[in-house]
Amino acid sequence: MGQLTHLKELEAESVYILREVAAQFGKPCILFSGGKDSIVLTYLAYKAFYPARIPFPLVHIDTGHNFPETLVYRDNLAERLGASLIVGYVQDSIDQGKVTEEHGYNASRNKLQTVTLLDTLAEHKFDCACGGARRDEEKARAKERIFSHRDEFGQWNPKNQRPELWDLYNAKKDPGEHFRAFPISNWTEMDVWQYIYQEGIELPSLYYTHKRKCFLRDGQWLAAEPDIIKRRESETVQELEVRCRTIGDVTCTGLTLSKAHSLEDIIDEIASSRVTERGGRADDKRSETAMEDRKKEGYF
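Please read these numbers as outputs of a predicted model, since none were measured by experiment.

What to know about the packing of helix α6 (residues 189-199) against helix α7 (residues 263-272)
Item 1. Two elements in contact, α6 and α7, have axes whose closest approach is 10 Å; the angle formed by their N-to-C orientations is 165°. The orientation of α6 relative to α7 falls into the category roughly antiparallel. Viewed along their axes, α6 and α7 form a crossing whose handedness is left-handed. Two secondary-structure elements touch here, α6 through E189, M190, W193, Q194, I196 and Y197 and α7 through L263, E264, I266, I267, I270 and A271.

Here it is in structure tokens:
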């Protein structure tokens, strides 16, 4: 695969947005999940300000139910790039009585992390949080502006967003309010994978086919290791060759049966797939408006 001109155009736009964030905000950060989109975003920030270090910290909200491979990758990446890393723990929010742990077979901490995120942003007085969301990823995210306003409660109102004309971004806000910025809004899933291939970006091993103990629930393969999800007696564990197409915590990350051992294999697999990227995310299936409801409350 040769140099793709459109990737250079997307890269230039994202670098411009990241530099606008640095210029217009007093204390921005990057929301880092350990997924491929936040990895590409971090890599773009590294290129945008090189040879200086990335001028804002990486913020990771740890649900306590992450894949170990994600956490190892996160720590290694921050060390390799010389980036500051701040971690907010959902367990702390539970211990403080701010959120209530879910129980049962469908229990997840995914929704709980919204409170931890808002508390972490407030504690460190961040006025802008850059995320790796893309407009093709999910219908609620298609409503976002690149500079997305949040009120004093950290909540998003899709009907109260500013126009963005000729790459002009409005960062004006009242005290207590903040913004989310989405520098890779105009990228597609395929763009992200082609860019990873072109730039030789290292990824967590979860993205490549590997053997893992899994079980089937509602037509979706879920991880039986690490042993976090409560299983029904009828849900038998099998060792299969799988990979993650998108990475969240263990409770909401569906696994894809795959033979993709390389980036070329992944790109070919996605090109022929008829299932959307978030088709494997269990958290999106709680309701028709699951993502939008979470975003209104302050989610990524």
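From this point on, the discussion continues.
Topic: the sheet that holds strand β1 (residues 28-31)
Item 1. Reading across from one edge, β3-β2-β1-β4-β6-β5 is the order of the six strands in this open sheet, with mixed pairing throughout. With one partner strand each, in any of the chains shown, β3 (85-89) and β5 (147-150) form the two edges of the open sheet. For this sheet, the mean inter-axis angle between neighbouring strands, taken without regard to orientation, is 30°.
Item 2. Packed on one face of the sheet, helix α2 (residues 36-49) meets β1, β2 (58-62) and β4 (128-130) and runs near 140° to β1.

Some words on the packing of aromatic side chains
Item 1. Scanning the model with the defined rule gives ten aromatic pairs in all.
Item 2. Here the aromatic rings of Y16 and Y169 are separated by 6.3 Å at their centres, their planes lie at 50°, and the arrangement is tilted. Remark: Y169 occurs in the loop between β5 and β6 (178-181) and Y16 occurs in helix α1 (residues 5-24); sequence separation between them is 153 residues.
Item 3. Among the residues examined, Y16 registers a relative accessible area of 34% and is labelled partly exposed.
Item 4. Taking the centre distance of 5.4 Å and the plane angle of 50° together, the rings of F25 and F147 count as tilted. With F25 in the loop between α1 and β1 and F147 in strand β5, this residue pair connects regions lying 122 residues apart in the sequence.
Item 5. Judged by relative accessible area, which is 6%, F25 ranks as buried.
Item 6. Among the aromatic residues, those joined into a cluster by ring pairs are Y16, F25, F147, Y169 and F179.
Item 7. In this arrangement the basic side chain of K27 is found over the ring face of F126, its NZ or CZ atom lying 5.6 Å from the centre.
Item 8. The ring of Y105 carries K230 above its face, with NZ or CZ at 4.9 Å from the centroid.

Structural notes on the pattern of salt bridges
Item 1. Using the criterion set out here, one finds 16 salt bridges in the structure.
Item 2. Measuring nitrogen to oxygen at the nearest pair gives 2.8 Å for the salt bridge that ties D37 to R134. Of this pair, D37 sits in helix α2 while R134 sits in the loop between β4 and β5, and the two are 97 residues apart along the sequence. The same class applies to D37 and to R134, which are both buried.

Here's the deal with α1
Item 1. For α1, which comprises 20 residues, the first-to-last C-alpha distance of 29 Å matches the rise-based estimate of 28 Å (1.5 Å per residue) to within 8%.
Item 2. Here α1 has its buried residues at L7, L10, E11, S14, V15, I17, L18 and V21. The arc that holds the buried residues of α1, viewed along the axis, is 160°, so those residues lie on one side. Opposite its buried face, α1 presents the exposed residues T5, E9 and A23, each directed more than 90 degrees away.
Item 3. Buried residues belonging to α1 abut β1, α2, β4, β5, β6 and α6.

A look at the packing of α1 against α6
Geometrically, a packed helix pair is captured by the angle between its two axes and the distance between the axes.
Item 1. Remark: α1 packs on α6, axes separated minimally by 10 Å, with the N-to-C direction vectors making an angle of 100°. In terms of orientation, α1 and α6 fall into the roughly perpendicular class. Residues H6, L7, K8, L10 and E11 of α1 pack against D191, Q194, Y195, Q198 and E199 of α6.
Item 2. Its residues assigned to classes, the contact of α1 with α6 shows three nonpolar, three polar and four charged.

Re a nonpolar patch on the surface
Item 1. On the surface, L165, W166 and L168 cluster together into a nonpolar patch covering about 410 Å² of accessible area.
Item 2. One can find L168 in the loop between β5 and β6.

About the thresholds
Residues numbered from 1 in each chain as written. Predicted model: local features only at pLDDT ≥ 70, side-chain atom pairs only at ≥ 80, totals over all residues. Heavy atoms only, no water. Axes fitted to C-alpha atoms, helices over the stretch in contact; angles between N-to-C directions. Helix = DSSP H or I, 4+ residues; strand = E, 2+ residues; numbered from the N terminus. Parallel < 35°, antiparallel > 145°, perpendicular 65-115°, else oblique. Left-handed = near helix turned anticlockwise from the far one by under 90°. Contact = heavy atoms within 4.5 Å. Pairing = 2+ DSSP bridges. Phe/Tyr/Trp six-rings, centres within 6.5 Å; stacked < 30°, edge-to-face > 60°. Buried < 20%, exposed > 50% of the residue type's maximum accessible area, 1.4 Å probe, protein only. Lys NZ or Arg CZ within 6 Å of the ring centre and 35° of its normal. Salt bridge = Lys/Arg side-chain N within 4 Å of Asp/Glu carboxyl O. Expected span 1.5 Å × (residues − 1). Arc of directions from axis to C-beta. Nonpolar A, V, L, I, M, F, W, Y, C, P; charged D, E, K, R; others polar. Patch = residues over 30% accessible without salt bridge, like charges linked within 9 Å, V, L, I, M, F, W, Y side chains within 5 Å. Areas by Shrake-Rupley, 256 points an atom, 1.4 Å probe, with all protein chains shown as cover.

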